[in-house]
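# Per-entry structural report
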Amino acid sequence: MPAGGVAAAAGKRATARRSLRRPLAFALLALSAAAAADGETMTGAHYAAPAERYGHFALGRPHEYARLVVSTDAGQRHSLALPDDEVFEDLAPRLVTLATGEPPELLTIVSQRDSGSRLALIGLRDGRLAISAQSPPIGTPMRWLNPVGVADLDGDGQAEIAAVSTPHRSGTLRIYRRHGQQLVEIAALAGVSNHVYGSPELGLSAPVTIDGRTLLVVPGSTRRQLRIIALQDGRLVETAHCPLSAPLTGAITLASGAQLSVGLLSGRALIALHDCPASK
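Each chain carries its own residue numbering, running from 1 in the written order of its sequence. Where local features are concerned, this predicted model is filtered to residues with pLDDT of at least 70; where side-chain atom pairs are given and counted, the filter is 80 or more; whole-chain, interface and lining totals use all residues. The basis for every side-chain value is the complete set of non-hydrogen atoms in the structure, without hydrogens or water.

This brings us to the overall build of the chain. Looking only at helices and strands, the chain has one helix and 21 strands in total. Buried residues are those whose accessible area, probed at 1.4 Å on protein chains only, stays under 20% of the maximum for their type, while exposed residues exceed 50% and partly exposed ones sit between those limits. Looking at the 280 residues of the chain, the share that counts as buried comes to 52%. A separation threshold of at least 6 residues defines the contact pool for the chain, and within that pool the share at least 24 residues apart is 53%. The numbering of helices and of strands both runs from the N terminus, where a helix is a DSSP run of H or I of at least 4 residues and a strand a run of E of at least 2. Here a residue-residue contact requires only that any non-hydrogen atoms of the pair lie within 4.5 Å.

Printed below as a string of structure tokens:
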């Protein structure tokens, strides 16, 4: 496994994006716009009203919020306030589209006092923000989850949502597919962790395209290796693994060729995915 050195220069990163891309990757709304079903276009979104009522702070303070605020190209501002027993335990909403022709929505993390965290899709309809679909909650207070990404993992034209539940203890990679107002789990794989408790860094995992195939790069439970995972025949299968010289603590970013730049406890390193040993 080639490793070491700092991330490639910006010019090389541009080359990498042509061969190794994040399909339907998360986009901060401040940097992109999307048409809502009623004709308004969302041009920005953020969390507001930092709250102390939950008190888990998996991402450190102040990253628990009571309200979501969206601005549009019509000069309007829309907001969604959560009930008193819930917070957005998150850094920023993510703009996602699950299928061609569907309106984009915001993927958020909502934590509830008695049941812990869940994924929630929030849409803008007729000038109102509302939760349009959500996953079952973890079921235990003070238990969190960290999204990996949104991508069409099986090539059927419908994107799935990948997230790691309880990344701080016995983390499990879960794949969700939308069915009406529910995000239904269709596959799971234990033994992963894509977050360090108390850190605001959420980018320790990512969907990537390698040789035309969409895969998930997710750290193992000790964050001392990267697991390359595919959705095959409705199951999550590890296809390869990449040993790391130190625990992963920083973001995974694209470098040159089929390479990732990873943030290790010892500094940045380059990982050549084609050189990672195949899993048996």
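Moving on, we come to the environment of L80. If you trace the backbone, L80 turns up in strand β5 (residues 77–81). Overall, L80 belongs to the buried group, its relative accessible area being 16%. If sequence neighbours within four positions are ignored, L80 has contacts with A66, R67, L68, F88, I122, L129 and I131.

This part covers the pattern of salt bridges. We count a salt bridge whenever a side-chain nitrogen from Lys or Arg sits within 4 Å of a carboxyl oxygen from Asp or Glu. According to the stated counting rule, one finds ten salt bridges in the structure shown. The partner of R178 in a salt bridge is E105, and the shortest N-O contact between them spans 2.5 Å. Taken together, the residues span a long stretch of sequence, with R178 in strand β13 (residues 172–179) and E105 in strand β8 (residues 105–112) at a distance of 73 residues. Three or more residues are tied together by salt bridges with common partners; here these are E105, R125 and R178.

What follows covers unusual backbone geometry. Following R61, the chain continues to P62 via a peptide bond in cis, the omega torsion being 5 degrees. Mapped onto the elements of the fold, P62 is located in the loop between β3 (41–50) and β4 (65–72). Although it is not a glycine, A49 adopts a positive phi angle of roughly 60 degrees. Locating A49 in the fold gives a position in strand β3. Positive phi values are uncommon outside glycine, yet D233 reaches one of about 50 degrees. Assignment of secondary structure puts D233 in the loop between β17 (225–232) and β18 (235–243).

The pairing criterion is simple: DSSP has to find at least two bridges between the two strands. Spatial strand order, β15-β16-β17-β18: four strands in an open sheet with antiparallel pairing. Two strands bound the open sheet, and with one partner strand each, they are β15 (206–210) and β18. Geometrically, the sheet is characterised by an average inter-axis angle of 35 degrees between neighbouring strands, direction not taken into account. Bridge count between β15 and strand β16 (residues 213–219): five bridges; the pairing is antiparallel. Bridging across to β16, T209 finds its partner in T214. Axes here mean lines fitted to C-alpha atoms, for a helix over just the part in contact, with angles spanning 0 to 180 degrees between N-to-C directions.

With that settled, consider the layout of surface pockets. Points on a 1 Å grid over protein atoms alone make up a cavity when a 1.4 Å probe fits among them but cannot get out, and a pocket when they form an open set with protein on both sides within 12 Å along at least five of seven lines; lining residues each have an atom within 4 Å of a point. Grid points are joined across faces, edges and corners, and a volume is the space filled by probe spheres set on the points. As a volume, the second largest pocket reaches approximately 150 Å³. Lining the second largest pocket we find I210, D211, R213, L215, I228, T239, A240, L273, H274 and C276. Class assignment of the residues belonging to the lining of the second largest pocket gives a composition of six nonpolar, two polar and two charged. Nonpolar residues are Ala, Val, Leu, Ile, Met, Phe, Trp, Tyr, Cys and Pro. Charged residues are Asp, Glu, Lys and Arg, and all others, Gly as well, are polar.

The criterion is simple. A nonpolar core is a set of buried Ala, Val, Leu, Ile, Met, Phe, Trp, Tyr and Cys residues joined through side-chain atoms within 4.5 Å. Grouped together as the largest cluster of nonpolar side chains are 22 residues, with contacts concentrated most on L226, L248, L260, V262, I271 and L273. For this core, the secondary structure elements donating two or more residues are β15, β16, β17, β18, β19 (248–254), β20 (259–264) and β21 (267–272). With 18 residues, the next largest nonpolar core counts V96, V150, A159 and L183 among its residues.

Attention now moves to the state of the cysteines. To count as a disulfide, a pair of cysteine sulfur atoms needs to be within 2.5 Å. In total, this model carries one disulfide according to the counting rule given. Two residues share a disulfide in this structure: C242 and C276, whose sulfurs sit 1.8 Å from each other. Handedness here is read from the sign of the S-S torsion; for C242 and C276, about 105 degrees, the answer is right-handed. With a gap of 34 residues between them, C242 in strand β18 and C276 in the segment after β21 connect regions that are remote in the sequence. Exposure class is identical for C242 and C276. Each is buried.

With respect to the secondary-structure elements, E238 resides in strand β18. A polar atom in the side chain of E238 sits 2.4 Å from the side chain of R227. For this analysis, a polar contact is any N or O atom pair within 3.5 Å, provided that within protein one partner can donate a hydrogen and the other can accept it, and provided that sequence-adjacent residues contribute only side-chain to side-chain pairs. Only 2.4 Å separates the side chain of E238 from the side chain of S279, close enough to count as a polar contact. With residues up to four places along the chain from it excluded, the contact list for E238 reads R227, I228, I229 and S279.

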